[in-house]
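# Observations on the model geometry
The primary structure of each chain is shown beneath.
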Amino acid sequence: MKTISILGSTGSIGRQALDVIATYHGDLQLGFLTTNTNAELLAEQVERYKPYGVALCAPEAYQRFRQISSFDGPVLCGKEGIRAAAAWEGNDIVLSALVGFAGVEPTLAAIERGITVALANKEALVVAGELVMAKARHHNVPLLAVDSEHSAILQCTVGEHPDSIERVVLTASGGPFRNLPLEALEQVTPEQALRHPTWNMGAKITIDSATLMNKGFEVIEAYWLFGLSPEQISVLIHPQSIVHSFVEFTDGSVKAQLGVPDMRLPIHYALTYPSRRPTALPRIQWEQLSRLEFEPPDTTRFPCLKLALDALHEGKSAPVVLNAANEVAVEAFIQRRIRFSDIPAVIAGTLDAIPSVALTSLEIVIDVDRHARHKAIALVSHLQQRR
Ligand SMILES: NC(=O)c1ccc[n+]([C@@H]2O[C@H](COP(=O)([O-])OP(=O)(O)OC[C@H]3O[C@@H](n4cnc5c(N)ncnc54)[C@H](OP(=O)(O)O)[C@@H]3O)[C@@H](O)[C@H]2O)c1
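Summarised in this report is the structure supplied together with it. (Residues numbered from 1 in each chain as written. Predicted model: local features only at pLDDT ≥ 70, side-chain atom pairs only at ≥ 80, totals over all residues. Heavy atoms only, no water.)

## Focus on unusual backbone geometry
Excluding glycine, a negative phi dihedral is what most residues carry, and trans is how most peptide bonds are arranged. Filter applied, for reference: Helix and strand definitions here come from DSSP, where helices need a minimum of 4 consecutive H or I residues and strands a minimum of 2 consecutive E residues; each element is numbered from the N-terminal end.
Cis geometry is adopted by the peptide bond preceding Pro274, which originates at Tyr273 and carries an omega value of 5°. In this structure, Pro274 sits in the loop between α12 (264-272) and α13 (303-314). Unlike most non-glycine residues, Ser241 shows phi in positive territory, near 50°. By the element assignment, Ser241 lies in the loop between β9 (233-237) and β10 (243-249). We note that Lys316 has phi near 50°; this positive angle belongs to a residue other than glycine.

What follows is the structure, given as structure tokens:
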């Protein structure tokens, strides 16, 4: 019996992971489940899935949970509580499914305890890739990709020598605005941006998919996870979201991983790696699959992808600034304070304003993140005043 804790069990990945575990994994028991604010759903999850303990980041949510639940296991609170849940000595696996920068410290806490990490929180690698990978190597901790593209690359490279990889191609659905002209992008609403054509995900990653920033983050994630150079990682738009990514080898062969767009499949693969176990998850209906299309991304209409690629090339703290400004801009867009087309402007302005420094410690990462957020918030206010 192995024990798994889910950081972010009330989110999109967390809820799907609970479904996967309850349906297919008789040999997994639950350690901690965690949330930021959603005490009600966490209380339901406790009743249904019987974890060992829970952690709630927001103090009000902790109080509410205490009022509505009679759970008699450990109930932790605050950032420290989330970190303690990640580093709990009973964990064999931690699924890191927090969104954004909040995932960095708990992910590192699990790694420092030598606990295997199934990683959905790509932002941890975007902002602290070097630290995370160095600690994972030092503690001999496997980092198992949960992102469908990186799971695809993992599946294509099992048994292959790393030197035989020529390049990897990450596929992207293109999001809801794939065919929208540049002028029309100015007018799109949060509701439209939140309606993803092929994937059902949390709000932040759905907006990141609409701007293609998500794909930029994934290039940075692949760079760290697979030890590739930036030139070895390409992006292609593939609207059907059936080919999750592919790997070209030095002999000219190509391996791709295909499947229906359902995150339960890569979650299941990360939890069973390196073996495969049967599931009843949906199958591809080949007879109804009339075409698989691929086209290059348009970075004029979707400049966030280029901003991310540039930040990867620049290195040092540029990806931290990129991520912080993106989090601020996406939130401002969801709150209707800025337009969709302002998102890249806020990020570019922040990148221009914050000098790049070497990331030699987590404290520096946290410091750069704080500075970049202040700058991005100021840029959002400025844009708001001009409207
Ligand atoms: N969703 C997908 O299909 C998908 C696919 C590939 C990769 N990913 C990646 O997986 C990660 C999670 O995405 P998601 O879509 O599942 O996000 P989500 O639905 O927004 O869920 C995020 C989870 O993290 C918790 N959380 C948020 N901020 C927190 C904080 N400051 N402290 C502690 N907990 C916090 C949330 O609690 P509350 O419920 O209280 O907000 C929730 O449980 C992201 O990095 C995303 O890029 C997601």
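## Considering the packing of aromatic side chains
Convention followed: For Phe, Tyr and Trp, rings pair up if their centres lie within 6.5 Å, where Trp contributes its six-membered ring, and each pair is then called stacked (planes under 30 degrees apart), edge-to-face (over 60) or tilted (otherwise). The cut-offs for exposure are 20% and 50% of the maximum accessible area for each residue type, with area from a 1.4 Å probe on protein chains only; residues under the lower value are buried, those over the upper are exposed, and the others partly exposed.
Tallying each qualifying case throughout the model produces 9 aromatic pairs. Plain terms: the ring middles of Phe32 and Trp88 are 5.5 Å apart, the flat faces sit at 80° to each other, and that makes the pair edge-to-face. Remark: Trp88 occurs in the loop between α4 (78-86) and β5 (93-96) and Phe32 occurs in strand β2 (residues 28-35); sequence separation between them is 56 residues. In this pair, the class of Phe32 matches that of Trp88, namely buried. A ring pair is formed by Phe65 and Phe71, whose centres lie 6.5 Å apart and whose planes are at 75°; its orientation type is edge-to-face.

## Digging into the site of the ligand
Under the convention used in this document: Throughout this document, a residue counts as near a molecule or strand when at least one of its heavy atoms sits within 4 Å of that molecule or strand. Throughout this description, a polar contact denotes any pair of N or O atoms lying within 3.5 Å of each other; where both atoms belong to protein, one of them has to be capable of donating a hydrogen while the other can accept it, and for residues adjacent in sequence the pair is counted only when both atoms sit in side chains. Reported accessibility uses the Shrake-Rupley method at a 1.4 Å probe radius. Residues are deemed covered only where the shown protein chains occlude them.
The environment of the ligand is made up of 24 residues, and the closest members are Thr10, Ser12, Thr37, Glu123 and Asp147. Contact between the ligand and Thr10: an oxygen atom at 2.7 Å from a side-chain N or O atom of the residue. Residue Asn38 places a main-chain N or O atom 3.2 Å away from an oxygen atom belonging to the ligand. The fraction of the free accessible surface of the ligand (900 Å²) that becomes covered by protein chains is 86%.

## Observations regarding the environment of Ser173
Residue placement: Ser173 occurs in the loop between β8 (165-172) and α8 (182-185). Owing to a relative accessible area of 11%, Ser173 belongs among the buried residues under this scheme. Along the sequence, Ser173 and Val235 sit 62 residues apart, while their C-alpha atoms lie 11 Å from each other. At 3.0 Å, the side chain of Ser173 forms a polar contact with the backbone nitrogen of Gly175. Within the local environment of Ser173, its side chain forms a polar contact with the side chain of His196, the two groups lying 3.1 Å apart.

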